[in-house]
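# A look at the structure
For reference, the chains in residue letters:
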Amino acid sequence: IKKGERLGVLGLNGSGKSTLLKVVSGVLKPTVGSVQTRGVLAPLLELGAGFHSEYTGRENIYLYGAVLEKFDEIVDFSGLGEFIEVPIKNYSSGMKSRLGFSIATIVEPDILILDEVLSVGDKKFRTKSERKIMSMFEKGVTVLFVSHSLEQVCRLCDKAIILDSGVLVAKGPVDKVARIYKNMTE
């Protein structure tokens with residue numbers, strides 16, 4: 001993947017999409033071959049998975065190592081308001097996702113890895129999140145994007161691949177690959 005490209009990763013459930021992103025992110029080690037990345041990597045995989053449930057949102061922001069001067073920006077973007085002082089165990093899944101997304105996108109990465117993260121939260125937050133991601137695209141961030149929404153992949157990506165049981169079955173411009181994928185799923 002070249003710098004600044006936006007690659008959509010398509011495939012049915014169990015095709016290896018999330019596994020690929022975890023390997024690229026360094027969460028999993030490849031069983032064969034190797035992966036090389038250059039620059040700051042921001043993987044948005046399972047938002048909120050690493051939160052400590054007894055800690056408040058505020059404490060989890062600090063636990064994640066977010067710098068103090070970004071705290072207000074994180075809370076503002078998340079829209080959690082006074083809930084930032086509530087223990088995470090009392091958050092809904094949407095609230096956890098909002099906080100996770102807000103923390104993860106505060107960095108200015110060279111490579112952004114997105115696994116179904118634009119489908120979390122309510123419609124207003126999804127729209128706000130997509131705008132945030134689009135602003136990162138405009139800065140030339142390289143993107144690997146998994147979504148079950150073909151329309152979203154076509155709107156956000158310029159290239160795409162299709163995986164089937166971990167095997168690459170198609171690659172190329174997003175419009176060409178989207179047609180192949182649509183035929184596979186109908």
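This write-up is about the structure you can find in this document. (Residues numbered from 1 in each chain as written. Predicted model: local features only at pLDDT ≥ 70, side-chain atom pairs only at ≥ 80, totals over all residues. Heavy atoms only, no water.)

## Considerations on the overall build of the protein
- A count of helical and extended segments in the protein gives 7 helices and 6 strands.
- Seen in sequence order, the protein has helices and strands lined up from the N terminus as β-α-β-α-α-α-β-α-β-α-β-β-α.
- Here the C-alpha atoms of the protein give a radius of gyration of 17 Å, agreeing with the 16 Å that 2.2 N^0.38 yields for 186 residues.
- Its C-alpha atoms give the protein principal-axis dimensions of about 50 × 35 × 30 Å.
- As displayed, the protein has an accessible area near 10200 Å², and 52% of this comes from carbon and sulfur atoms.
- Of note, the protein has its 25 positive side-chain charges centred 5 Å away from the centre of its 22 negative side-chain charges. (Helix = DSSP H or I, 4+ residues; strand = E, 2+ residues; numbered from the N terminus. Rg over C-alpha atoms; globule rule 2.2 N^0.38 Å. Areas by Shrake-Rupley, 256 points an atom, 1.4 Å probe, with all protein chains shown as cover. Lys, Arg positive; Asp, Glu negative; His and termini not counted. Charge placed at Lys NZ, Arg CZ, Asp CG, Glu CD.)

## Some points on the pairing of strand β1 (residues 6-10)
- Among the 5 residues of β1, 4 are classified as buried, and the element is accordingly described as predominantly covered.
- Note that β1 and strand β4 (residues 142-146) share 4 bridges and pair parallel. Across the sheet, residue glycine 8 finds its bridge partner in β4, namely phenylalanine 145. (Buried < 20%, exposed > 50% of the residue type's maximum accessible area, 1.4 Å probe, protein only. Pairing = 2+ DSSP bridges.)

## Quick look at the layout of surface pockets
- Looking at the largest pocket, its volume works out to about 450 Å³.
- Forming the boundary of the largest pocket are 16 residues, of which Ile1, Gln36, Thr37, Ile111 and Thr142 lie nearest the centre.
- Elements with a contribution of two residues or more to the lining of the largest pocket: α1 (17-25) and β4.
- Of the residues in the lining of the largest pocket, the class split is 8 nonpolar, 4 polar and 4 charged. (1 Å grid on protein atoms, 1.4 Å probe; cavity = no way out; pocket = protein on both sides within 12 Å on 5 of 7 lines; lining within 4 Å. Points joined across faces, edges and corners; volume = space filled by probe spheres on them. Nonpolar A, V, L, I, M, F, W, Y, C, P; charged D, E, K, R; others polar.)

## So, the pattern of salt bridges
- For the coordinates displayed, the defined rule picks out 6 salt bridges.
- As a salt-bridge pair, lysine 70 and glutamate 73 come within 3.9 Å of each other at their nearest N and O atoms.
- Judged by its relative accessible area of 26%, lysine 70 falls in the partly exposed class.
- Two residues, arginine 155 and glutamate 130, come together in a salt bridge whose shortest N-O distance is 2.6 Å. Placement of the pair is arginine 155 in helix α6 (residues 150-156) and glutamate 130 in helix α5 (residues 123-138), with a sequence separation of 25 residues.
- Owing to a relative accessible area of 37%, arginine 155 belongs among the partly exposed residues under this scheme.
- Among the residues examined, glutamate 130 registers a relative accessible area of 17% and is labelled buried. (Salt bridge = Lys/Arg side-chain N within 4 Å of Asp/Glu carboxyl O.)

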